[in-house]
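An overview of the molecular structure
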Amino acid sequence: MKFEASDRIKFATGILAAAILSSGLTLGLFQVGSGLAARAGNSITVTGTASENATADNAVWSLNLNESQPTLAASVKKIDSSAEGLKKYLLTGGISSEQIELGPINSNAVPEYINGNPTGRIIAYQAYRTVTVRTKDVQLVAQLSNNIGTLLATGVNVGNYGPSYYLSTLDDMRPKLLAAAMQDAKARAEAITEAVGGQVGALLSVSTGPTQVTTKNSLDRAAGGVYDLSTIEKTVNVTLSASFKTN
């Protein structure tokens, strides 16, 4: 196969163009890569944490009364009597009447079953009632909850799952803890950067994690946050991620 002079010129031109294009792409990719490396090399992202112990100052205590009798009237009468007994226990223990909430009475029939099949006969009626205590005296509630056995001994059928203890100061604590966590993050960034001869510059971005309210000195954590309700003494922990410019 023979090439004319014009064909040879076109062929050489094509080879040259391809070489220039290939060189340009290589150079462009190198510059993009260098730019990404420069961005990564000019910033540092660290985690900052802060925690503080706190004492709950609010308590919500829900108690469930449950009575079963042959007739609905007898069941309601018994639940009323049990509610009075529970209320007396609370008042004698130091809870004021304003701190006691009596819920409505609910009831249901208990059907008879034989070999897993209903007979259509009602064998009893159950009545339920919830009594809720709300107070700031968390220590008193804890004491009454621990001594609930004395009430059970009188024949009152009450379910006690323990009080829930809350921090009313949490909203005030959170900004202070976040500020402390930011200082911790900056200190960590400075320690790491200065170790390699650099300096920490301006803050680029920050994101905060959920507040963790745990039992005292606990390491329990959850992605959506933890709020311990079972103990009076708690630890509040916050975490944030901060990115700083480096020089």
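See above for the structure.
Throughout what follows, the structure given in this document is the object of discussion. All figures in this text were calculated on a predicted structure; none of them were measured in a lab. (Residues numbered from 1 in each chain as written. Predicted model: local features only at pLDDT ≥ 70, side-chain atom pairs only at ≥ 80, totals over all residues. Heavy atoms only, no water.)

1. Concerning the pairing of strand E4 (residues 106-114)
Looking along a regular strand, one sees side chains alternate from face to face of the sheet. Sheet analysis places E4 next to strand E5 (residues 117-135), joined by 8 bridges and oriented antiparallel. Across the sheet, Ser107 pairs through a bridge with Ala127, a residue of E5. Following E4, the chain reverses through 2 residues before pairing antiparallel with E5; Asn115 in that reversal takes a positive phi of roughly 55 degrees. (Pairing = 2+ DSSP bridges. Helix = DSSP H or I, 4+ residues; strand = E, 2+ residues; numbered from the N terminus.)

2. Some points on the packing of aromatic side chains
Scanning the model with the defined rule gives 1 aromatic pair in all. For the ring pair Tyr166 and Tyr227, a centre distance of 6.1 Å and an interplane angle of 55 degrees mean the geometry is tilted. Residue Tyr166 is found in strand E7 (residues 164-166), and its partner Tyr227 is found in strand E10 (residues 226-227); the two are separated by 61 residues along the sequence. (Phe/Tyr/Trp six-rings, centres within 6.5 Å; stacked < 30°, edge-to-face > 60°.)

3. What about the pattern of salt bridges?
Using the criterion set out here, one finds 6 salt bridges in the structure. Measuring nitrogen to oxygen at the nearest pair gives 2.9 Å for the salt bridge that ties Glu101 to Arg134. Within this pair, whereas Glu101 is found in strand E3 (residues 100-102), its partner Arg134 is found in strand E5, the two being separated by 33 residues in sequence. Given the relative accessible area of 38%, Glu101 is considered partly exposed. Ionic pairing is found between Asp171 and Arg174, a salt bridge with its closest N-O pair at 3.2 Å. (Salt bridge = Lys/Arg side-chain N within 4 Å of Asp/Glu carboxyl O. Buried < 20%, exposed > 50% of the residue type's maximum accessible area, 1.4 Å probe, protein only.)

4. Focus: the pairing of E5
In this structure, strand E2 (residues 58-69) lies alongside E5, joined through 11 bridges in antiparallel fashion. Residue pairing across strands places Asn66 opposite Tyr128, the latter belonging to E5. Bridge analysis of E3 against E5 gives 3 bridges, and the strand direction is antiparallel. Paired with Leu102 across the strands is Val131, a residue of E5.

5. What to know about the environment of Thr71
Relative to the helices and strands, Thr71 resides in the loop between E2 and helix H2 (72-93). Owing to a relative accessible area of 40%, Thr71 belongs among the partly exposed residues under this scheme. Note: C-alpha distance between Thr71 and Tyr125 (54 residues apart in sequence) is 5.8 Å.

6. Re H2
Between its first and last C-alpha, H2 extends 31 Å over 22 residues, near the 32 Å set by a 1.5 Å rise per residue. Those residues of H2 not exposed but buried are Ser75, Ile79, Ser82, Ala83, Leu86, Tyr89 and Leu90. Projected down its long axis, H2 carries its buried residues within an arc of 125 degrees, all on one side. Seen from the open side of H2, the exposed residues pointing more than 90 degrees away from its buried face are Ala73, Lys77, Lys88 and Thr92. On its buried face, H2 is in contact with E2, E3, E5, helix H3 (138-146), helix H4 (149-152) and strand E6 (158-160). With its phi angle positive at about 120 degrees, Gly94 sits one or two positions after the end of H2. (Expected span 1.5 Å × (residues − 1). Arc of directions from axis to C-beta. Contact = heavy atoms within 4.5 Å.)

7. Re the environment of Gly85
Following the sequence through the fold, Gly85 ends up in helix H2. For the pair formed by Gly85 and Leu151, sequence separation is 66 residues and the distance between their alpha carbons is 7.9 Å.

As far as function goes, none of this settles anything; it's purely spatial.
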